[in-house]
Structure formats: structure tokens, C-alpha cells
Amino acid sequence: MKLKNSVVIITGASSGIGESTAKKLSENGAKVVLMARSKDKLETLKIEIEDNGGTAIVAPGDVTNKNDFKSVVATAVDHFGRVDVLINNAGLMPLSFVKKLKTDEWDQMVNVNINGVLNGVAAVLPILIENKGGAIVNVSSMAAHRYFPGGAVYCATKSAVKMFSEGLRQELAPKHGINVTSIEPGAVDTNLTSTITDEDIKEKMSEMQKMETLKSDDIANAIYYALSQPEHVNINDVYLVPSEQK
Ligand SMILES: NC(=O)c1ccc[n+]([C@@H]2O[C@H](COP(=O)([O-])OP(=O)(O)OC[C@H]3O[C@@H](n4cnc5c(N)ncnc54)[C@H](OP(=O)(O)O)[C@@H]3O)[C@@H](O)[C@H]2O)c1
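Computed from a predicted structure; not experimentally measured.

Student: Is there a simple way to explain the site of the ligand in this structure?
Tutor: In the vicinity of the ligand there are 29 residues, among which Ser15, Arg37, Ser38, Tyr154 and Thr190 approach most closely. Interatomic distance of 3.0 Å between a backbone N/O atom of Gly12 and an oxygen atom of the ligand. Taking Asp62, its side chain carries an N or O atom lying 2.9 Å from a nitrogen atom of the ligand. Its free accessible area being 880 Å², the ligand has 92% of it covered by the protein chains. If you list the elements that add at least two residues to the shell around the ligand, you get α1 (16–27) and α5 (152–176).

Student: When you look at the nonpolar core in this model, what are you seeing that I'm missing?
Tutor: A general feature of soluble globular proteins is that nonpolar side chains tend to end up buried together. Within the largest apolar cluster, 32 residues are counted, with the highest numbers of intra-cluster contacts made by Val8, Leu25, Val32, Leu34, Ile87 and Leu227. In terms of residue count, helix α7 (residues 216–227) provides more of this core than any other element does, five residues in total. If sequence neighbours within four positions are ignored, Leu34 has contacts with Ile10, Ala13, Ala22, Leu42, Leu45, Lys46, Ile49, Ala56, Ile57, Val58, Ala59 and Pro60. With 28 residues, the next largest nonpolar core counts Ala59, Val63, Val83 and Ala90 among its residues.

Student: How should I be thinking about the pattern of salt bridges in this particular structure?
Tutor: Where charged atoms from two side chains of opposite charge approach closely, those side chains can pair. Evaluation of the coordinates by the stated rule reveals 11 salt bridges. The closest approach of N and O atoms between Lys39 and Glu43, which form a salt bridge, is 3.9 Å. Placement of both Lys39 and Glu43 in helix α2 (residues 39–51) is noted, with a separation of four residues, approximately one turn of the helix. Residue classification places Lys39 among the partly exposed residues on the basis of a relative accessible area of 44%. Across the salt bridge formed by Lys100 and Asp198, the nearest N and O atoms sit 2.8 Å from each other. Of this pair, Lys100 sits in the loop between β4 (85–88) and α4 (103–131) while Asp198 sits in the loop between β6 (178–185) and α6 (199–208); the two residues are 98 residues apart in sequence, bridging distant segments of the chain. Overlapping salt bridges bring together Glu19, Lys23 and Glu48 as one network.

Student: Just to check I follow, could you spell out the packing of aromatic side chains for this structure?
Tutor: Both the distance between ring centres and the angle between the ring planes are used here to describe each pair of aromatic rings. This model, assessed by the stated rule, comprises one aromatic pair. With a centroid separation of 6.3 Å and 50° between ring planes, the pair formed by Phe148 and Tyr154 is classed as tilted. Its relative accessible area of 25% is what places Phe148 among the partly exposed residues. In this structure Tyr154 comes out as buried when scored by relative accessible area, which is 5%.

Student: Mind showing me how you'd approach the side chain of Asn138 here?
Tutor: Examined against the element boundaries, Asn138 turns out to sit in strand β5 (residues 134–139). Reaching out from Asn138, the side chain makes a polar contact with the side chain of Ser165 at a distance of 3.0 Å. The residues touching Asn138, leaving out its near neighbours within four places in the chain, are Asn88, Val117, Val161, Phe164, Ser165, Leu168, Val180, Thr181, Ser182 and Ile183.

Student: Looking at this model, I keep getting lost on the side chain of Ser6. Mind explaining?
Tutor: Assignment of secondary structure puts Ser6 in the segment before β1 (7–11). Note on Ser6: relative accessible area 5%, which makes it buried. A polar contact is formed between the side chain of Ser6 and the backbone oxygen of Lys2, at a distance of 2.6 Å.

Student: I tried to follow the pairing of β6 on my own but got confused; where do I start?
Tutor: Regular strands have side chains that alternate between both faces of the sheet. Across the eight residues of β6, eight count as buried, placing the element largely inside the fold. A two-sided burial pattern is seen for β6, the buried positions comprising Ile178, Val180, Ser182 and Glu184 on one face and Asn179, Thr181, Ile183 and Pro185 on the other. Bridge count for β5 against β6 is six bridges, and the pairing is parallel. Counted as the bridge partner of Gly134 is Ile178 from β6. A crossover links β5 with its parallel partner β6, the connecting element being α5, and its sense is right-handed.

So, how was this worked out
- Per chain, residue numbering runs from 1 following the sequence as it is written.
- pLDDT decides what is reported in this predicted model: residues at 70 or higher carry local features, side-chain atom pairs at 80 or more are listed and counted, and totals for whole chains, interfaces and linings draw on all residues regardless.
- Side-chain measures here rest on the full set of heavy atoms in the structure, leaving out hydrogens and waters.
- Note on terminology: near, applied to a residue and a molecule or strand, indicates that one of the residue's heavy atoms is within 4 Å of it.
- N or O atoms within 3.5 Å of each other form a polar contact, as long as, within protein, one can give a hydrogen and the other can take it, and as long as residues adjacent in sequence are counted only when both atoms are side-chain atoms.
- For the accessible areas, the method is Shrake-Rupley and the probe is 1.4 Å, while residue cover comes only from the protein chains on display.
- The helix count covers DSSP runs of H or I at least four residues long, the strand count covers runs of E at least two residues long, and both are numbered beginning at the N terminus.
- As used here, the term nonpolar core means buried Ala, Val, Leu, Ile, Met, Phe, Trp, Tyr and Cys residues forming a set that is joined through side-chain atoms within 4.5 Å.
- Residue exposure (1.4 Å probe, protein chains only): buried if accessible area is under 20% of the type maximum, exposed if over 50%, otherwise partly exposed.
- Any two residues having at least one pair of non-hydrogen atoms within 4.5 Å are treated as being in contact.
- For this analysis, a salt bridge means a side-chain nitrogen from Lys or Arg found within 4 Å of a carboxyl oxygen belonging to Asp or Glu.
- Each Phe, Tyr or Trp ring (for Trp, its six-membered ring) is paired with any other whose centre lies within 6.5 Å, and the angle between the two planes then decides the class: stacked below 30 degrees, edge-to-face above 60, tilted in between.
- We call two strands paired when DSSP finds no fewer than two bridges between them.
- For a crossover, the right-handed case is the one in which the path from the first strand over the helix to the second runs clockwise, viewed with the strands pointing away from the viewer.

Here you go:
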């Protein structure tokens, strides 16, 4: 699709992969709608994008709140007159071993990583169907392919996102011209591990940090690749890992 002048909503735009993706797509002519809970960080990013010649608006919201998502979509339409792409990127990874029964953290992961994606699709889909085209990119993970220590619930949420993406693609691409991509990165150098409270996992993560990880820009490049294909090409999955990761 043509990214130039496309209106792209990006969730989790206040840091890491979402922030890099907002910069990459705006550098390539997209008008970006920045969604996350941290309004101040989004305002700073908007200024940076505009200083670089891009177009961005700030639309704060919590992806677990259906009304927040509806008002983000309404803001995008009020401001730009349309929405073309949704990037469901917001996510959490408070890894823990199941026997520790950190059930509040399980709920958070299910709410943000799965329900957040469903809420986004529900908010944007009527517009994309009316437009007869567009794209949805869901940020899943390597965790959709394999379990890693402490990741039983996280891996389950990311598997759900991967499978939901495939169902969406089959329902939307042939009949409505809406392409759907699942992005499945291995370890990326971001703040994602900051929500981990299980001390046993923290120890394991510090071992992993010795490896050369992917950078947020690598994932932004993968998202750009998926979105810049001709309309008849649907990139289903992009599974990318650090060369050093087993
Ligand atoms: N880093 C990795 O190794 C890796 C690997 C594979 C997949 N991923 C996936 O990549 C995605 C982005 O993560 P990241 O690595 O860039 O981590 P990050 O830097 O921690 O970014 C997470 C983003 O999600 C947002 N977020 C969290 N809860 C939210 C909520 N309820 N509503 C709205 N926004 C919310 C955060 O913003 P606020 O706190 O401001 O709301 C933040 O912008 C996640 O889905 C993650 O699972 C990451």
C-alpha cells in the first residue's frame, strides 16, 4: 500500500518498538496517531517527529479500555478524515513461574496483550471495511513459537495474537482488501522486562542481556517492509531473531 499520507494508529508509541515505528513510518510520509498512557512521552515524540518534517498527533489512551480506543479512532478521523492502518503494538511481559501464582500479572497480560488487540480491531474495523482497504499489524513475538522460562502466560498471549492475526487475514484480506501481518521478534533491547517482579526470572534475564539483541529500529524496519508492499501482497508473518539467539 502507499504509506505516503496514510493515517496510521500506533499503540504503545511512548517507547521501544512503537516509538521507533512511529518515527520510521512518519519519515516515509505516514501521518501517525500516537497512542499509549504516557501523554508526556507522546508529546515529546510528536515534537521530534514534526521537527523531522513528519506529521503526528497525540491520542492518549489505555488499550484495555474500549471507550479510550473508540475516542482515539474518533480523534484520528476528526483530525485527518480517515484511518488506514492500525498497529497493535502495546504489550507487557511480567514473566514468572506459574507456581508463584502471580495471578494479577496474568490478568494484566491477558488484558493488554490479547484484549487490547481485540479492542483495537473492534474500534477500527468498521472504518477499514468502509474504506475497502487498509492494513492491521499485530506485534506478537518469538514467544508464539516457543516457550521460554517464566513465559507460560506471556507465550500463550502471543500465540493468541499470532493465531488471531491469521484468522483476521483469512476473513478480511480476500473479501475486504485489508491486509494483516503478525510480527514475531526475538529479544529486542527495550523496557519490556521492566514489569518483571519474579526474582528468579530477573536473574535469568540478566544472563540473556549479555547477548547482542535486536534494536527497536530492526522491528520498525520489518513493519515498514510489511506495510510498503503492493496491495496484492500480504506479508503474513515476520519472524526475526537476533543472530546470537538460539
Ligand atoms: N522487547 C522484546 O524483546 C519484544 C520481543 C517480542 C515482542 N515484543 C512485543 O513488542 C511490543 C512492544 O514492546 P516493547 O518491547 O517496545 O516494550 P516497551 O518499551 O515496554 O513498550 C511497551 C509499550 O506498551 C505501552 N502500553 C503498555 N500497557 C498499555 C496499555 N494498557 N495501554 C496502552 N499502552 C500500553 C507502553 O506505554 P505506556 O506505559 O505509556 O502506556 C509502551 O509504549 C509488545 O507487545 C511486546 O510484547 C517485544
